[in-house]
Amino acid sequence: TPYCVFRVRRDHLIEDALTQVMHHARDLKKPLKVVFEGEAGIDQGGLQKEFFQLVVREIFDPKYGMFTAEETRLFWFNPDTLELDGEYKLIGAILGLAIYNGVILDVHLPLVAYKKLLGRPVTARDVEGLSPMLARSLQQVLTLPDASVLEQTFSVEREVFGVVRTHELKPGGAEILVTNDNRAEYVQLYVKHLLEDSVSRQFAAFKAGFDLVVGHLIKIFRAEEMELLICGSRKLDFAALEKNAQYDGGYGPADPVIRNFWSVVHEMAPDQQKRLLCFVTGSDRAPIGGLGTLPFIIARTGDTDKLPTSHTCFNVLLLPAYPDREKLRQSLLVAISNAEGFGLM
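Predicted, not measured: the structure shown is a model, and the values here were computed from it.

A word on the overall build of the protein chain. A count of helical and extended segments in the protein chain gives 12 helices and 10 strands. Scored against the burial criterion, the 345 residues of the protein chain give a buried share of 48%. Partitioning the intrachain contacts of the protein chain with sequence separation of at least 6 by distance along the chain shows that 66% fall at a separation of at least 24. Here the protein chain displays about 17300 Å² of accessible surface, and carbon together with sulfur accounts for 52% of that area. Positive and negative side-chain charges of the protein chain, numbering 38 and 45 respectively, have mean locations separated by a distance of 5 Å.

In structure tokens, the structure reads:
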């Protein structure tokens, strides 16, 4: 078969997805099609996209415990997770599959995760992607006239399930005070512990899953380019999106409702525009070619007393024919402000 076909159950999604990744290890570079067991329907891209969205949403849910939400609202590997390596291997494979299938993922990892996938060394500057506050603290250690006034030792304390644990950054580190003479070593060991040693098991499984799909082909990219491939671009040109938009259900570009819609969109604050994009497509970023290459469909739907809804799997906005611009604006803003993650009908 020219396709890699995953068969999964919605109520056992992560378990089945992992099984399918391992079962189809040799076929992962083929175009992916997804079948949800017990459901009719041929995957024309919508089911595949829904599969990616559901897996990512579940695995990055803080309740799952695999990743922690950081100060920058990005996610990092939970050093104290109780999850097995399989789930990390799965999310690595999902990132690889997204590259091969041209799917943008709503994944919020810091740039250092992509550097590590490429085998690039980490530095103290990479800490800023997780915690600017911590990065400033480490810089302070390096620049204070007298580092010993911090009374910091070569150790790190972290609360794990209500118990404070101390990790020594070097043998006997809890008894070694940081001074001007050794502070560069302290920062280097701290960064190594934070970004490498404390999450080595989790990241090794994540990278193994990624390499299962992509292998060494990805080495030609820089970390920024890999992030762009997987997560899309932050540059959002809504004029290009309007020019490329398609219409259904009786709407057309000259319809007063559609003119009101784009008028409202172009007046939105950037954060609201990102919410709208996420509401309709499941991601607040643009493909590599920009929003002008993104399929975006506005379809007419019935009741003007209801809010707009969407099918994120097909990038379809279901927009009632509101009688005036203000009613449309208020309804749209309420819809995108209350939708968390996925706008689904």
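What follows continues from the structure just given.
Attention now goes to unusual backbone geometry. Most peptide bonds take the trans form, and the phi angle of most residues other than glycine is negative. The backbone phi angle of R73 is positive, close to 70 degrees, even though this residue is not glycine. Along the chain, R73 turns up in the loop between β3 (67-69) and β4 (75-77). Its relative accessible area of 73% is what places R73 among the exposed residues. Although it is not a glycine, F161 adopts a positive phi angle of roughly 50 degrees. Within the secondary structure layout, F161 lies in the loop between β5 (155-160) and β6 (163-168). We classify F161 as exposed; its relative accessible area is 62%.

Turning our attention to the confidence of the model for the protein chain. On average, residues of the protein chain score 92 in pLDDT, and 98% of them reach the 70 mark or higher. Overall, residues 341-345 carries pLDDT values under 50, and its contacts beyond four positions in sequence, including any with other chains, amount to 15 contacts.

With that settled, the discussion passes to the side chain of H193. Relative to the helices and strands, H193 resides in helix α6 (residues 183-195). The exposure class of H193 is buried, given its relative accessible area of 7%. When residues no more than four places from it in sequence are discounted, the contact partners of H193 are V156, R158, H167, L169 and S198.

As a further point, take the environment of E39. If you trace the backbone, E39 turns up in the loop between β2 (32-36) and α2 (46-59). Residue classification places E39 among the partly exposed positions, given a relative accessible area of 33%. Taking C-alpha positions, E39 is 9.5 Å from R9, a pair spaced 30 residues apart along the chain. Here R10 takes part through its side chain, which lies 2.4 Å from a polar atom of the side chain of E39.

Summed over the entire model, instances satisfying the criterion amount to 15 aromatic pairs. Pairing Y186 with Y190 gives two aromatic rings, centres 5.9 Å apart and planes at 55 degrees, and the pair type is tilted. With a gap of four residues between them, Y186 and Y190 both fall in helix α6, about one helical turn apart. Feature note: the residues F60, F67, F75, W76, F77, Y88, F203 and F206 constitute an aromatic cluster, connected by ring pairs. Over the face of the ring belonging to F36 we find R10, whose NZ or CZ atom lies 4.0 Å from the ring centre. Above the face of the Y3 ring, K33 is positioned so that its terminal group lies 4.7 Å from the ring centre.

Turning our attention to the environment of D271. Mapped onto the elements, D271 comes out in helix α11 (residues 270-281). Along the sequence, D271 and N338 sit 67 residues apart, while their C-alpha atoms lie 14 Å from each other.

This part takes up helix α3 (residues 85-101). Taking 1.5 Å per residue as the helical rise, α3 with its 17 residues ought to reach 24 Å, and the 24 Å between its terminal C-alpha atoms agrees with that figure. With 12 of 17 residues buried, α3 lies mostly within the body of the structure. For α3, every residue scored as buried is listed here: E87, Y88, L90, I91, G92, A93, I94, L95, G96, L97, A98 and N101.

For the rest of this paragraph, the subject is the packing of helix α1 (residues 13-23) against α3. For any two helices packed against each other, one specifies the inter-axial angle together with the distance between the axes. Where α1 meets α3, the closest approach of the two axes is 10 Å, and the angle between their N-to-C directions is 70 degrees. Considering their axes alone, α1 and α3 lie roughly perpendicular with respect to each other. Classified by chirality, the crossing of α3 by α1 is left-handed. On the side of α1, the interface is formed by I14, A17, L18, V21 and M22, while α3 contributes G86, E87, K89, L90 and A93. Tallied by class, the residues present in the contact of α1 with α3 amount to seven nonpolar, one polar and two charged.

A few words now on the nonpolar core. Note that soluble globular proteins tend to have their nonpolar side chains buried in a common cluster. F51, F67, I94, L95, L105 and Y114 are the most contacted members of the largest nonpolar core, which totals 71 residues. Counting residues per element, this core draws most heavily on α3, which supplies eight residues. Excluding residues that lie within four positions of it along the chain, Y114 makes contacts with L95, V107, L109, A223, M226, E227, I230 and C231. If you look at the next biggest cluster of nonpolar residues, it comprises 29 residues, including V264, V280, L333 and I336.

Here we come to the pairing of β6. Pairing of β5 with β6, which is carried by six bridges, proceeds in the antiparallel orientation. Directly across from R158, in β6, lies its bridge partner R165. The hairpin formed by β5 and β6 contains two residues between the paired strands, and F161 there has a positive phi angle of roughly 50 degrees.

Reading guide: rules and limits
- Residues numbered from 1 in each chain as written.
- Predicted model: local features only at pLDDT ≥ 70, side-chain atom pairs only at ≥ 80, totals over all residues.
- Heavy atoms only, no water.
- Helix = DSSP H or I, 4+ residues; strand = E, 2+ residues; numbered from the N terminus.
- Buried < 20%, exposed > 50% of the residue type's maximum accessible area, 1.4 Å probe, protein only.
- Contact = heavy atoms within 4.5 Å.
- Areas by Shrake-Rupley, 256 points an atom, 1.4 Å probe, with all protein chains shown as cover.
- Lys, Arg positive; Asp, Glu negative; His and termini not counted.
- Charge placed at Lys NZ, Arg CZ, Asp CG, Glu CD.
- pLDDT = per-residue confidence, 0-100.
- Polar contact = N/O pair within 3.5 Å; in protein donor to acceptor, adjacent residues only side chain to side chain.
- Phe/Tyr/Trp six-rings, centres within 6.5 Å; stacked < 30°, edge-to-face > 60°.
- Lys NZ or Arg CZ within 6 Å of the ring centre and 35° of its normal.
- Expected span 1.5 Å × (residues − 1).
- Axes fitted to C-alpha atoms, helices over the stretch in contact; angles between N-to-C directions.
- Parallel < 35°, antiparallel > 145°, perpendicular 65-115°, else oblique.
- Left-handed = near helix turned anticlockwise from the far one by under 90°.
- Nonpolar A, V, L, I, M, F, W, Y, C, P; charged D, E, K, R; others polar.
- Core = buried A, V, L, I, M, F, W, Y, C linked by side-chain atoms within 4.5 Å.
- Pairing = 2+ DSSP bridges.

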